[in-house]
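# A look at the structure
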Amino acid sequence: MADNLSDTLKKLKITAVDRTDDSLEGCLDCLLQALAQNNMETSEKIQGSGILQLFASLLVPQSSCTAKVANIIAEIAKNEFMRIPCVDAGLISPLVQLLNSKDQEVLLQTGRALGNICYDSHSLQAQLINMGVIPTLVKLLGIHCQNAALTEMCLVAFGNLAELESSKEQFASTNIAEELVKLFKKQIDHDKREMVFEVLAPLAENDAIKLQLVEAGLVECLLEIVQQKVDSDKEEDIAELKTASDLMVLLLLGDESMQKLFEGGKGNVFQRVLSWIPSNNHQLQLAGALAIANFARNDGNCIHMVDNGIVEKLMDLLDRHVEDGNVTVQHAALSALRNLAIPVINKAKMLSAGVTEAVLKFLKSEMPPVQFKLLGTLRMLIDAQAEAAEQLGKNVKLVERLVEWCEAKDHAGVMGESNRLLSALIRHSKSKDVIKTIVQSGGIKHLVTMATSEHVIMQNEALVALALIAALELGTAEKDLESAKLVQILHTLLADERSAPEIKYNSMVLICALMGSESLHKEVQDLAFLDVVSKLRSHENKSVAQQASLTEQRLAVES
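All values derive from a computational prediction rather than experimental measurement. (Residues numbered from 1 in each chain as written. Predicted model: local features only at pLDDT ≥ 70, side-chain atom pairs only at ≥ 80, totals over all residues. Heavy atoms only, no water.)

### Thoughts on helix α34 (residues 501-514)
Heads up, the rule is: Only runs of H or I of at least four residues qualify as helices and only runs of E of at least two qualify as strands under DSSP, and these elements are numbered from the N terminus. What a helix is expected to span follows from its residue count: subtract one and scale by 1.5 Å. We call a residue buried when its accessible area falls under 20% of the maximum for its residue type, exposed when it is over 50%, and partly exposed in between, using a 1.4 Å probe and counting protein chains only. Contact between two residues is taken to exist if any of their heavy atoms lie within 4.5 Å; hydrogens are not considered.
Over its 14 residues, α34 runs 20 Å from end to end, which matches the ideal 20 Å to within 8%, given 1.5 Å per residue. Here α34 has its buried residues at Ile503, Lys504, Asn506, Ser507, Met508, Leu510, Ile511, Cys512 and Leu514. Looking at the buried positions of α34, the neighbouring elements they touch are α32 (456-483), α33 (486-495), α35 (518-526), α36 (529-535) and α37 (542-558).

Rendered as structure tokens:
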């Protein structure tokens, strides 16, 4: 075989130059046969023979041998070691040109060749995108949708290219959404639908394409699949139900596509999604709750949903998942409640519906994602709701759990949210009882640490809460404030030029409030605060400069 192959390669060199199609075709057939028998060895021989460079000149639209040449390139490019030689031989450009051919076999083999050469190479795929293959392939999909092999080739190519961020803009400027939905509707076979799904998912990450897919009718197809598969226990049907409902939720992540599907809360899609929440299928419960969380991204939608009983549906769902519940469903339902609690008008309604009680059932959860959403939901609910903040702030179990989570160093989100809720309980309740509960549970040191957070909003929340503690219950908190080194921290914050104006302002307010404690007063005197504060009298922020003058007077009098 080796001798025959060497002879074929020599002959091919001659015929490639002479362009005698018959003998050229014979040589190409021999090569394809050799590749079918031993691809790797034949590929090595081809590389060694230097014939790759000739292939570029054979990739011409009008030749009867073009499909075979492209097929050979596709076969050798299955080997990783042949891909760079194919690029170096200048094969990409003529192959891309061939995508304009009318010949379906040429198109198929060309697509395979390009796919194999660029397989797993983001830089080569990016090169193809820059050469404009996306609009060409989308056009091919539309023209040759009856050709199963060509359709599959286009889908594989889209799947690879769609992973690149740079492709999304080009895809959005074509009618890919329309073509894919048309194709999707025709597929009866599970595997074929799966292929279309694999392209839809990465494309649907782009907001413009989300909207195009919604307008092309994809959502109706997805709802139909859900309806067909919901009661099946076949593995492939369960997988397809998950894919369809996940994609549905992904489409709702775009603001325009979400609003289009909400249709003022009257839309068919919104109503269907609502019906998923009470279902017995965990995947549908999850998708339903996530969809509600996505619909709840603006005040108008949130208000409409709360007025129409969504809270009760979500609370019922949570109730079904308290004992050994599904963590992803818990997380999704809490996400939805958190978002719904953002508009001021919804807070009192949700509180009176019993949302805090429903949420507190998950206080024993050991799952950080659930803990994180639970904390966020409670924080949203008590915002400017003094009575609710006081009620929660006097709940010893809750406060002790918050203090515990404030030390969850492995879970920065849970730690941050626990600190913020601790501070919010004080800020919104302004209650002595709440402060006493937090002091007794050991929460003061965490609020002091929070004042050094890298996030200005968290620093600020901590300083306001600490100022309220100092104003309302300084005697109770004095020892804890001392051992947490609050005074030294305030000195650092005021001396640091990078501290935001509101941090400097609230730090000075807090210093004044601490003067009522003998031991803390002494610490303030020992640290020469006057020097730092007097420099701030000329601060460019008027409020900071005024507070500096007031603080300086107070320090001078007290000294």
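Alright, that's what it looks like, and here's the rest.
### Concerning a negative patch on the surface
Short version of the rule: Patches draw on residues past 30% relative accessible area with no salt bridge. Two like charges within 9 Å are joined, as are two nonpolar side chains (Val, Leu, Ile, Met, Phe, Trp, Tyr) within 5 Å. Method for areas: the Shrake-Rupley scheme with a 1.4 Å probe, in which residue coverage is limited to the protein chains shown. We define a salt bridge as a contact between a side-chain nitrogen of Lys or Arg and a carboxyl oxygen of Asp or Glu at a distance within 4 Å. Only four residue types enter the charge count: Lys and Arg as positive, Asp and Glu as negative, with His and the chain ends excluded. Note on charges: their place is set at NZ of Lys, CZ of Arg, CG of Asp or CD of Glu.
Judged by side-chain charge, Asp189, Asp191, Glu235 and Glu236 come together as a negatively charged surface patch. Checked against the element boundaries, Asp191 lands in helix α14 (residues 190-203).

### A few points about unusual backbone geometry
The phi torsion at Lys485 lies on the positive side, around 60°, for a residue other than glycine. By secondary structure assignment, the location of Lys485 is in the loop between α32 and α33. We note that Ala528 has phi near 50°; this positive angle belongs to a residue other than glycine. Relative to the helices and strands, Ala528 is located in the loop between α35 and α36. The partly exposed category is assigned to Ala528, whose relative accessible area is 36%.

### Thoughts on the environment of Gly393
If you trace the backbone, Gly393 turns up in helix α27 (residues 386-393). A relative accessible area of 0% places Gly393 in the buried class. Separated by 47 residues in sequence, Gly393 and Gln440 have C-alpha atoms that sit 12 Å apart. When residues no more than four places from it in sequence are discounted, the contact partners of Gly393 are Val399, Leu425, Val434 and Thr437.

### Thoughts on the packing of aromatic side chains
What counts, and what does not: Stacked, edge-to-face and tilted are the three classes for Phe, Tyr and Trp ring pairs, Trp counted by its six-membered ring, which pair at centre distances within 6.5 Å; planes under 30 degrees apart are stacked, over 60 edge-to-face, the rest tilted.
As enumerated under the stated definition, the model contains five aromatic pairs in all. Their ring planes at 45° and their centres at 5.4 Å tell us that Phe262 and Phe295 sit as a pair that is tilted. Here the residue Phe262 occupies a position in helix α18 (residues 255-262), and Phe295 occupies one in helix α20 (residues 282-295), the gap between them amounting to 33 residues. Neither residue differs from the other here; Phe262 and Phe295 are each classed as buried. An aromatic cluster of at least three residues, connected via ring pairs, comprises Phe262, Phe270 and Phe295.

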